[in-house]
Amino acid sequence: MRTKQSKIAPAAPEAVDTVTLLWVGPGKLATKQFNKASPDAEVTSKQFDAGYFYAVLRPIGVSCIEDLSLVLTTAEKWPQALIVRGAPVSESLIGTDVTRTGSGDGSAFKGNFMTPIQGRHYVEIDVDKLQLPTGWTLDHASIGKICEYVIQLLPAEFHDASYHWQLSSSSGVFDRTKVSAHFWFWLKRPVPDADLKSWAKHVNHAANIKLIDPALFQHVQPHYIAAPIFTGMSDPFPTRSGLISKSLGSVDLKLPPPVAVSQTGSTVNSDSFNRSGDGGFEYYLSQIGDHPGGDGFHDPIVRAAASYVAAHGTQDTDAEALFLSIQLRVIKADSSNHSRGDVEARSSRDHIMSAINTALNKYGDAVGQRRKSRRLVGLTPDAHEGYQEIAMIQASIDAILDEVF
C-alpha cells in the first residue's frame, strides 16, 4: 500500500465542492511523452500509460474558479496525477491502491468512485483537434486569441465567465492548424453528469461539430491535467495554462429542453428541425461548407430553406428561427475555399432571409399537397441566443483580447 499525500490542502469544512486526484502506480505516467533523437529527427510520441491501480489522495476543497485554478496549476506539475469527477465512496479508500471503477447510478451503482448525486460545481470542456479559421496558427503568441475564439463558440453564458485554460499534451506539436485544449469553468449551481452529457450533445448538434466531449461527464473518466514530458526538444509552449478573469465568476448553465416524443412514438430533440426524408432539410444543412461532401454556401442555403418551407408551409415556418438555424451552420462550416468576406456575406441576414422569403413565395402554400413533416416545437428566435455573425464574433474577441491580454 502506498500513502501518497497531496501537497494541496484537503477539503476544508466550508468548501462547497471537492476535486478527486488520483496518483498512478510506480513506473506509470498520466501524460504523453515527446522525444527527438537529434535536432533534425522527427518527433516521436509515447501515449498515456496510467495502468490499472491508483493511490487515492484526500479530496481537495474548492469553492470558486480561483480555487479550482490553483489546484489545476499545482497538479499540472505532477506527471503521475489525474482527476476524476467521482469521489471515493469510502474514507477507507484514501491512501490506498484501488482500481478506477464506477458505473451506474443509485442502487445500481458499483465501484470505488461516484460523482455526487447533485453533480459538481465545476466542469471541464475538452476541445479536441478543433480546426482553426483559415490562416490561423497555434503558437505561443496566439494562445490568448485562440482561447477566446473557442469560448465564443460556446453558448452565450460562457462568454463573460472566468475560466482556467490548459493546452492538451499534443496540442501544437504536430499540427498547428488545430487546437486541443481543456477549459474549466465554475458553475453557478452543481449539475449532474447525465444533464451535462445531454447538454454537451445539444451544443454539439447546434454547432454541427463535436465541440465538447460528453465522455468526460461520468464517474471515473480520466481528466488528464499533467503537462507533457519533452526529451531532446523544448516544450513549444512554455506557458501551457492559466486563469483568465472576467466579469463573471461562474456560469449560469442553460440546460437544453427535455426530449420530446412525437405522435409516432419516436423521440426527437427540440433544438433542431426535423429531417424531411433523404435529401431533406438536415441533408442540405450538412452540405453547407467546403468540407468533403460539402457544396459551398449559396446552393445549400437556398435548398435548405426551400426544403423546410416545402415540408412545413407558411403557417408552420418560423422564419426567424429558420434564419438562425441556417446562419449557425454557415458560421460553423468549413470555409477553406472561401474568403472571410464571402462567408460574412453568406451568413448575413440579407442573404439568408432572401432565400427564406423566396422559398415562402414559391413553396409556402404547396405543403397541403404533400406529406407534411412533423414540426418540432420549441425552436424560437432565442433558442440560439449568443450566436453572432462572424464580424460580431471577431469584434468581441478583439475587445476581450485588448482587455485581458
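Here, every reference points to the structure presented above.
Along each chain, residue indices are assigned from 1 in the same order as the chain's sequence is written. The model is predicted, so local features are restricted to residues of pLDDT at least 70 and side-chain atom pairs to those at 80 or more, both for listing and for counting; the totals for chains, interfaces and linings are taken over all residues. Excluding hydrogens and water, the side-chain figures rest on all heavy atoms present in the structure.

1. Some remarks on the overall build of the protein chain
Thought 1: Segments assigned H or I by DSSP are reported as helices when at least four residues long, segments assigned E as strands when at least two residues long, and all are numbered from the N terminus. Across its full length, the protein chain holds nine helices and 18 strands.
Thought 2: Three exposure classes are used, based on accessible area relative to the maximum for each residue type with a 1.4 Å probe and protein chains only: buried under 20%, partly exposed in between, and exposed over 50%. Every one of the 405 residues in the protein chain was classed for burial, and the buried ones make up 49%.
Thought 3: Sequence-distant contacts in the protein chain: of pairs separated by 6 or more residues, those separated by 24 or more amount to 78%.
Thought 4: For the area figures, the Shrake-Rupley method with a 1.4 Å probe applies, and any residue is considered shielded solely by the protein chains shown. Of the roughly 18800 Å² of accessible surface on the protein chain, 50% is carried by carbon and sulfur atoms. Should any heavy atoms of two residues lie within 4.5 Å, those residues are considered in contact.

2. Some remarks on the pairing of strand β6 (residues 81-84)
Thought 1: Burial of the side chains of β6 extends over both faces: A81 and I83 are buried on one face and L82 and V84 on the other.
Thought 2: Strand direction decides the pairing type here: strand β1 (residues 17-24) and β6, joined by four bridges, are antiparallel. Each residue of the ladder has a partner; that of W23, found in β6, is A81. Any two strands with at least two DSSP-identified bridges between them are counted as paired.

3. Some remarks on the sheet that holds strand β14 (residues 178-191)
Thought 1: In spatial order, the strands read β12-β14-β13-β16; together these four strands make up an open sheet with antiparallel pairing. A single partner strand is all that each edge strand has here, and the edge strands are β12 (120-131) and β16 (241-244). Across the sheet, the mean angle separating the axes of adjacent strands is 20 degrees when strand polarity is ignored.
Thought 2: Where β12 and β14 come together, nine bridges link them in antiparallel fashion. Opposite R120, over in β14, you have V191 as the bridge partner.
Thought 3: Sheet contacts for helix α1 (residues 65-75): β12, β13 (163-167), β14 and β16; angle to β14, the most-contacted strand, approximately 140 degrees. Angular values range over 0 to 180 degrees, each being the angle between N-to-C directions of two axes fitted as lines to C-alpha atoms, with helices fitted over their stretch in contact.

4. What about the packing of aromatic side chains?
Thought 1: Note on ring pairs: Phe, Tyr and Trp rings are taken, using the six-membered ring of Trp, and paired if centres are within 6.5 Å. Classes follow the plane angle, with under 30 degrees stacked, over 60 edge-to-face and the rest tilted. Enumeration over the complete set of coordinates arrives at 11 aromatic pairs.
Thought 2: Three or more aromatic residues joined by ring pairs form one cluster here, namely F158, Y163, F183, F185 and W199.
Thought 3: Cation placement over rings: the criterion is NZ of Lys or CZ of Arg within 6 Å of the ring centroid and within 35° of the ring normal. In this arrangement the basic side chain of R349 is found over the ring face of F323, its NZ or CZ atom lying 4.3 Å from the centre.

5. Notes on the side chain of S171
Thought 1: Along the chain, S171 falls in the loop between β13 and β14.
Thought 2: Classification of S171 as buried rests on a relative accessible area of 3%.
Thought 3: With residues up to four places along the chain from it excluded, the contact list for S171 reads L138, V179, S180 and F237.

6. Let's talk about the packing of helix α6 (residues 319-332) against helix α8 (residues 349-363)
Thought 1: Look at α6 against α8: their axes get within 10 Å of each other, and the N-to-C directions meet at 125 degrees. If you check the angle between α6 and α8, you find them oblique. Crossing of α6 against α8: the hand is right-handed. Of α8, the residues touching α6 (which contributes A319, E320, L322, F323, I326 and Q327) are R349, I352, M353 and I356.
Thought 2: For this scheme, ten residues count as nonpolar: Ala, Val, Leu, Ile, Met, Phe, Trp, Tyr, Cys and Pro. Four count as charged, namely Asp, Glu, Lys and Arg, and the remainder, Gly too, count as polar. For the contact of α6 with α8, the residue count by class is seven nonpolar, one polar and two charged. Each angle is binned into one of four classes, with values under 35 degrees roughly parallel, values over 145 roughly antiparallel, values of 65 to 115 roughly perpendicular, and all other values oblique. By definition, turning the near helix anticlockwise from the far helix through less than a right angle yields a left-handed crossing, and turning it clockwise yields a right-handed one.

7. Description of unusual backbone geometry
Thought 1: A positive phi angle, near 50 degrees, is found at K129, a position not held by glycine.
Thought 2: Tracing the backbone shows K129 in strand β12.
Thought 3: Phi at N208 takes a positive value of approximately 65 degrees, unusual for a residue other than glycine.
Thought 4: Mapped onto the fold, N208 is located in the loop between α3 (193-207) and β15 (229-231).
Thought 5: Classification of N208 by relative accessible area gives partly exposed; the value is 38%.

8. A word on the environment of V150
Thought 1: By the secondary structure assignment, V150 is in helix α2 (residues 143-153).
Thought 2: Not counting chain neighbours up to four residues away, the residues in contact with V150 comprise V127, L130, V179 and F183.

9. A word on the pattern of salt bridges
Thought 1: Salt bridges are identified by distance alone: a Lys or Arg side-chain nitrogen within 4 Å of an Asp or Glu carboxyl oxygen. Inspection of the entire model under this criterion finds 14 salt bridges.
Thought 2: K254 is the partner of D252 in a salt bridge, and the nearest nitrogen-oxygen pair spans 3.9 Å.
Thought 3: A salt bridge links E282 to R329, with the shortest nitrogen-to-oxygen separation between them at 3.2 Å. One end of the pair, E282, is in helix α4 (residues 281-286); the other, R329, is in helix α6, and 47 residues separate them in sequence. For the residue pair E282 and R329, the accessibility class agrees, reading buried in each case.
Thought 4: A single network of salt bridges, built from pairs that share partners, joins R189, D252 and K254.

10. So, the nonpolar core
Thought 1: Each nonpolar core is a collection of buried residues, namely Ala, Val, Leu, Ile, Met, Phe, Trp, Tyr and Cys, held together in the definition by side-chain atoms within 4.5 Å. Membership of the largest hydrophobic core comes to 38 residues, with the highest contact counts inside it found for I125, V179, F183, F185, W199 and I212.
Thought 2: Elements represented by at least two residues in this core include exactly β12, α2, β13, β14 and α3.
Thought 3: If one sorts the elements of this core by residue count, α2 sits on top with seven residues.
Thought 4: Residues in contact with F183, not counting those within four places in the same chain, are V123, E124, I125, V127, C147, V150, I151, Y163, H164 and W165.
Thought 5: Formed by 24 residues, the second largest nonpolar core is a distinct cluster that contains L285, A305, V309 and I352.

11. Overview of the sheet that holds strand β3 (residues 44-46)
Thought 1: Here we have three strands laid out as an open sheet, ordered β3-β2-β15, and mixed in their pairing. Whereas interior strands pair on both sides, the edge strands pair on one side only; in this sheet they are β3 and β15. Averaged over neighbouring strand pairs, the angle between their axes works out to 20 degrees when direction is ignored.
Thought 2: Of the pairings in the sheet, the one linking strand β2 (residues 33-35) to β15 comprises three bridges and is parallel in character. Directly across from Q33, in β15, lies its bridge partner I229.

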